[in-house]
Every structure is written in structure tokens, then in C-alpha cells.
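# Secondary and tertiary structure notes
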Amino acid sequence: MTLPVLYAMRSSLYSAKARSYLVKQRIDYIERPPGDPRYGEQVVPEIGRWILPVLQTDDGRLIQDTADIFDYLDQLVPIERSANPPLGVQRVVSDLFALFGSEGLMRPALHFRWNFDDLNMPFVAEDFGRGLFLPIGGNEDVKSTFNFGPDLATANQAEARAEVSNFAAQRMRKLTVELGVTPETIPEIERSYSEFLALFAAHLETAPYLLGGRPTLGDFSLIGPLYAHLARDAAPAMIMRREAWPVWRWVERMNSPIADTGEYGDVPDELFADDSIPATLRALLEYVGAEFADDLIAHVQFIDQWLADNDEVEAGDVVGGKATRRSLGKTQWTWRGIPMETHVIPYRLLHLQRLQADFAALDSADQAEVREIFAEAGIEFFLELRARRRVERDNNREVWGAAQDPVLPV
Ligand SMILES: N[C@@H](CCC(=O)N[C@@H](CS)C(=O)NCC(=O)O)C(=O)O
């Protein structure tokens, strides 16, 4: 039997999302690091960029992007194990955490990885080096992908690993600043992350997952930042262990093929009864409002203005002009009272569109309930916010979609 292959790394944020899904749904698979020659020879040319994770299905198709990987895999599991709650209030709440988990914890993840070198680097450098450079050949692809000096075929292996690892680390350190981690914002990033841990831990006192007895897309997204960086790297691992035992356990649980919910007694693997959203989860939604609403608005405003300024763009054009350019430019906004400058990533709109489409499909009673919950959390406008074009995925990259009337805060 041919098994699916996940090209991934333990230290990669988005890899953790796909891996957790495969593990929790007990889908047998093979995991290969990007240093494997097959990644450079087959995957990168077909996907068109160096990016993780990539799933190779058992019939050989390549899927990039964790949201698309979830959609593909979710059709394979029995409906009662689907990570998409049935259409209702919980579906939209799961979508919200799919957006926030994928995009909203990047700053603490990057800060706690790249600004604590003494504690983190011995481990992270090993992880990078051993995932990116394998002693089994194929390293010419690594060399051309990363475009660096030494002749890897003859280089000392440890030195070559260090070289590759350093190269990748430089890129990520640059990204850390580009996404708004600076000396001015760091104290608030740290405070905000501790607040998140406290609220998520309080929720997990009541249930093993976001929406009850089994994980949903919201969990499978939050595990990205919370596993690869915030639980595996030494400095933030200490923080999570010290401040939020239930979150640490949730991270373990999200990587376990069994329910792993013993401390809750006998928990049925069902979502909260009656499509309900408990108070502890509402508190977490309020946190998402405080943490992420201004960020999302700034993104959508910038994207809309960019589209106004670049009206030659047509549906089907690759976002950013080429698949490797994920940002449209930089924008300034105020985050929790602090001036913030960040790169703008149109990819985010995909998650927002998903949430809005699911909301539109609800009956009016469910819509009213979602409105009430979102309004209480200060995120009601998430249900309408849009730029003048959609973003879609085509051939494993982001492309502009149809034109539409923008909806922006006045
Ligand atoms: N939207 C993508 C994001 C994937 C992504 O950003 N992956 C990172 C690793 S965690 C990456 O490959 N970065 C390489 C780069 O940007 O050069 C997904 O959900 O799969």
C-alpha cells in the first residue's frame, strides 16, 4: 500500500498543523524532511516554491497549504470524526480559531524562538540543520534553493548543516521583524501571550479541546504556533510549563493518536451539546478581538487600497506577482495602543472568506446567535469585512479572485 507523505519539519509552524491532523485522525503516513532529495527534485518544481508542509497523497498528488490539506483529508475520515463541526454556531467559531491559530500567534511564536538565542539556538540550529541537509545526497538542490557558498558534496557535514541552518535562520529573523516584533512591541507581545495562555488554560480546565471532546479545525490551527515554537523551543517551553499546564497537556494531546483525555475522566468524543459555546471560550473570543481585530482590519484596508491602486489586476493573477512573494507591502496601525508596522499577507483573507461563507450558510437563528457572540467579543465586523477582491487558491498558490464590493470600517 502506498502511504501519503508529509514533507515537514518538527520546527516548522505550519507543518505542526498538518501532522497533528494526520496523527489525531490516525491516518498512517510517512514524514520526510525537506532535505530529502525528493523534496528538491519533485516537490519544489511542481509547487513552484520552497514551502512546508506539502502533502503527497497516496495517488501522488501534491497539496500545499494546510487549509487545503485539511479539506482533502477531512473527506477521507468518517463524518463523525470530521474536524469541521456540523453547520451551526460551532462551525463558525471553529473557523474563527482556524484564522486566529494560523495567523494570530505569529508574533509570540517568532519572538520566543528568535530572541532567546542562549536557550533556544543549540536545539533549533540542530533541528534546522538536520531537516534541511541530509547525508543521503540530493544536497545540490539544497544548495541551489538556498543559494549559498560551500560545495556541499565535499563539505564537512556538521559545518554544512550549520551553514544551511544559519541561512534559514537569517530569513526567519528577518521575518520576525517584518511581522512586527521589535524592542518597542516585545513587552506587549509577552504580556499578551501570557494572557492567551491563562485564558486557554482556563478553557481547558473544562474540556480537552476548544469545542469539547474532539479536536476541530480551530485546534488543528492553534497547534501550529503552540507546538513547533511555543512548546518545542526551550525558552517558551519553560513559560508554557510554568504558566499553563493544561495548555502543555493539550499540545501533547494534539500530537497523540489516542484521545489522551484521562485527566477529564470518561469524555465522549463529542462536541459541546446543543451547539453551545461555553463562557471560557467566549472569553477566548474576546481575547481574539483585543489581540487580532485591529491587525485584521489593517490588513484588509491595505489590501483594498492596494487593489484600488493596482486596478489592472485581474481574477486569476498570482497574488504579489509571483508565488514566492507573500506580502503586498508594509502597513502601519495601532496594536493595543502601540504603533505597529507589519507586512501584509493576503493569504489571511482565505480564512476570513471561509468564516463568512459558513456564516452565510447558517439559518437565521444561528446567524443571530453568532452575531451576538461575536458582538460580545468585539469581532462582529469579521462577519462582513472584505476587500474589493477575493483571494482564491489555484495550483497551490494564492491568486486574486472575483471583484466584489468592499466592506471596511468607516
Ligand atoms: N499558508 C501556508 C503557510 C506555510 C508556511 O509559511 N510555511 C513556512 C514554514 S512553517 C515556510 O515554508 N516558509 C518558508 C519561506 O517562507 O521561505 C500553509 O498554511 O501551509
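Cut-off values and rules
- Residues numbered from 1 in each chain as written.
- Predicted model: local features only at pLDDT ≥ 70, side-chain atom pairs only at ≥ 80, totals over all residues.
- Helix = DSSP H or I, 4+ residues; strand = E, 2+ residues; numbered from the N terminus.
- Expected span 1.5 Å × (residues − 1).
- Buried ≥ 20, exposed ≤ 12 C-beta atoms within 10 Å, placed from the backbone.
- Pairing = 2+ DSSP bridges.
- Axes fitted to C-alpha atoms, helices over the stretch in contact; angles between N-to-C directions.
- Parallel < 35°, antiparallel > 145°, perpendicular 65-115°, else oblique.
- Contact = placed C-beta atoms within 7 Å.
- Nonpolar A, V, L, I, M, F, W, Y, C, P; charged D, E, K, R; others polar.
- Near = placed C-beta within 6 Å.

## Thoughts on helix H4 (residues 89-103)
- End to end, H4 covers 21 Å across 15 residues, agreeing with the expected 21 Å (1.5 Å per residue, within 8%).
- Taken across its 15 residues, H4 has 15 buried, putting it largely inside the fold.

## Observations regarding the pairing of strand E6 (residues 338-343)
- As paired strands, strand E5 (residues 330-335) and E6 are joined by six bridges and run antiparallel to one another. Residue pairing for E6: Thr334 is matched across the bridge by Pro339.

## What about the packing of helix H1 (residues 13-24) against helix H3 (residues 66-74)?
- Taken N-terminus to C-terminus, the directions of H1 and H3 make an angle of 10 degrees; their axes are 10 Å apart at the nearest point. Classed by the angle they form, the pair H1 and H3 counts as roughly parallel. On H3, the residues that touch Tyr14, Lys17, Ala18 and Tyr21 of H1 are Thr66, Ile69, Phe70 and Leu73.
- Residues belonging to the contact of H1 with H3 are distributed by class as follows: six nonpolar, one polar and one charged.

## A look at unusual backbone geometry
- Here the residue pair Leu52 and Pro53 is connected by a cis peptide bond, since its omega of -5 degrees sits within 30 degrees of zero.
- The backbone of Asp275 shows a phi angle near 55 degrees, a positive value even though the residue is not glycine.
- One can find Asp275 in the loop between helix H12 (245-254) and helix H13 (279-309).
- A count of 17 C-beta atoms within 10 Å places Asp275 in the partly exposed class.
- Positive phi values are uncommon outside glycine, yet Asn395 reaches one of about 50 degrees.
- Mapped onto the elements of the fold, Asn395 is located in the loop between strand E7 (389-394) and strand E8 (397-403).

## So, the site of the ligand
- In the neighbourhood of the ligand, the contacting residues comprise Ser12, Leu13, Tyr14, Ser15, Trp50, Ile51, Leu52, Asp65, Thr66 and Tyr347.
- For the shell around the ligand, the element with the most residues is H1, which contributes three residues.
- Partitioned by chemical class, the residues of the shell around the ligand number six nonpolar, three polar and one charged.

## A word on the sheet that holds strand E2 (residues 30-32)
- One open sheet accounts for four strands, arranged E2-E1-E3-E4; its pairing is mixed. The two strands at the open ends of the sheet, each matched to only one other strand, are E2 and strand E4 (62-64). Sheet twist, expressed as the mean angle between neighbouring strand axes with direction ignored, is 20 degrees.

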